[in-house]
Amino acid sequence: MPFVLTPLITHSFTTPITGMIELEDAAAPRIESGIAAVSALRRYEEGHQAADLEMFHAHQNDMGYGLLASRHAPNQDVTAIPPEQIQSVVEQTKPDILPNVFVTFWSFRLMVFLGVFFFVLFAMASYLSLKNQLERNRLFLKICMWAIPLPILATEFGWITAEAGRQPWTVFERLPTFMSASTHSVSYMLFSLAGFTVLYSIFIAVELYLMFKFARLGPEAHGQHDHGADADHLSIVAH
Ligand code: HEM
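Note that this is a predicted model, so its numbers are computed, not measured. (Residues numbered from 1 in each chain as written. Predicted model: local features only at pLDDT ≥ 70, side-chain atom pairs only at ≥ 80, totals over all residues. Heavy atoms only, no water.)

Student: Got a minute to help me understand the layout of surface pockets in this structure?
Tutor: Any empty space left between atoms is shown by rolling a water-sized probe over those atoms. Volume-wise, the largest pocket comes out at about 720 Å³. Of all the elements in the fold, those that place two or more residues in the lining of the largest pocket are helix H1 (5-10), helix H2 (20-47), helix H6 (101-130) and helix H8 (150-165). Of the residues assigned to the lining of the largest pocket, the class counts are 16 nonpolar, six polar and four charged. Estimates place the volume of the second largest pocket at around 200 Å³. Together, Met145, Ile148, Pro149, Ile152, Ile204, Glu207, Leu208, Met211 and Phe212 line the second largest pocket. The dominant element in the lining of the second largest pocket, judged by the number of residues it contributes, is helix H10 (residues 186-217), at five residues. Of the residues belonging to the lining of the second largest pocket, the class tally is eight nonpolar, no polar and one charged. Shared between two domains, the lining of the second largest pocket holds at least three residues of each, these being domain 2 (100-165) and domain 3 (185-239). (1 Å grid on protein atoms, 1.4 Å probe; cavity = no way out; pocket = protein on both sides within 12 Å on 5 of 7 lines; lining within 4 Å. Points joined across faces, edges and corners; volume = space filled by probe spheres on them. Helix = DSSP H or I, 4+ residues; strand = E, 2+ residues; numbered from the N terminus. Nonpolar A, V, L, I, M, F, W, Y, C, P; charged D, E, K, R; others polar. Domains from an automatic or database assignment.)

Student: What exactly am I supposed to notice about the environment of glutamate 91 here?
Tutor: As for its position among the elements, glutamate 91 is in helix H5 (residues 86-93). Taking relative accessible area as the criterion, glutamate 91 reaches 44% and is therefore assigned partly exposed. Remark: the alpha-carbon pair of glutamate 91 and glutamine 60, spanning 31 residues in sequence, is separated by 21 Å. For glutamate 91, the side chain forms a polar contact with the side chain of lysine 94, separated by 3.3 Å. (Buried < 20%, exposed > 50% of the residue type's maximum accessible area, 1.4 Å probe, protein only. Polar contact = N/O pair within 3.5 Å; in protein donor to acceptor, adjacent residues only side chain to side chain.)

Student: Help me out: how do you make sense of the site of the ligand in this one?
Tutor: Taken together, Phe108, Met111, Val112, Gly115, Phe118, Pro151, Ala154, Thr155, Gly158, Trp159 and Ala162 make up the full set of residues near the ligand. Contributing elements (two or more residues each) for the shell around the ligand: H6 and H8. If one sorts the elements of the shell around the ligand by residue count, H8 sits on top with six residues. Along the lines of polarity and charge, the residues of the shell around the ligand split into eight nonpolar, three polar and no charged. (Near = heavy atom within 4 Å.)

Structural data, given as structure tokens:
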């Protein structure tokens, strides 16, 4: 969007925004150069030849792109790519430099939509509260109740935006995500994930139990100064 997106991203009115196809095309020489960097480093590790080290230094800034290309190389090894196939590996790697646009596009918009919704909700709540009508507006109170999980959703969408949007890099232009992924076995990962899921499910069950218990007791329960109410109050504070 001219004069809207440009200043938002670049803080200037004239800087061009590079399109996806142009980004892919601009990456092609860097992928080729990265393949040269990874190959030179591998040769240097084996033979310690000064020429290989020099070659590596000449291409080292693109090494991340070479690592990115390894997904399309035989046995994930860019040094094993026959010279006549390098261009085809470069073409296959080009689309990998962009994140999944659908996921980033929609998770960002859902997050922002929810952010705007919260703003409107709080503006309405302030207005109704100032007019002393908040407690009597059943529809608004119902909307507020149903809105309770929405900040968690917005946080998840924000997190998805950030994580999906920075793909394919763990370290931008240096380390591709697939190379930094855990080397643990699938069963180990499933075991630890299941452990966390069970543990946090217990936490939420306890939390919900306590929330419902004290919500049902109502605010009056805290005003009474008999022994039982004090104990309840203390446990809320502790909670
Ligand atoms: C007008 C509304 C909003 C705007 C314009 C906005 C904008 C952004 C932007 C630009 C990012 C960074 C994405 C990136 O990494 O490049 C982000 C991330 C994030 N947003 Fe929002 N956001 C909005 C509302 C919200 C709301 C309402 C929540 C939660 C209640 C939220 C939670 C997050 C989270 C958790 C992240 C990820 C942070 C991280 O892991 O780096 N956002 N948001």
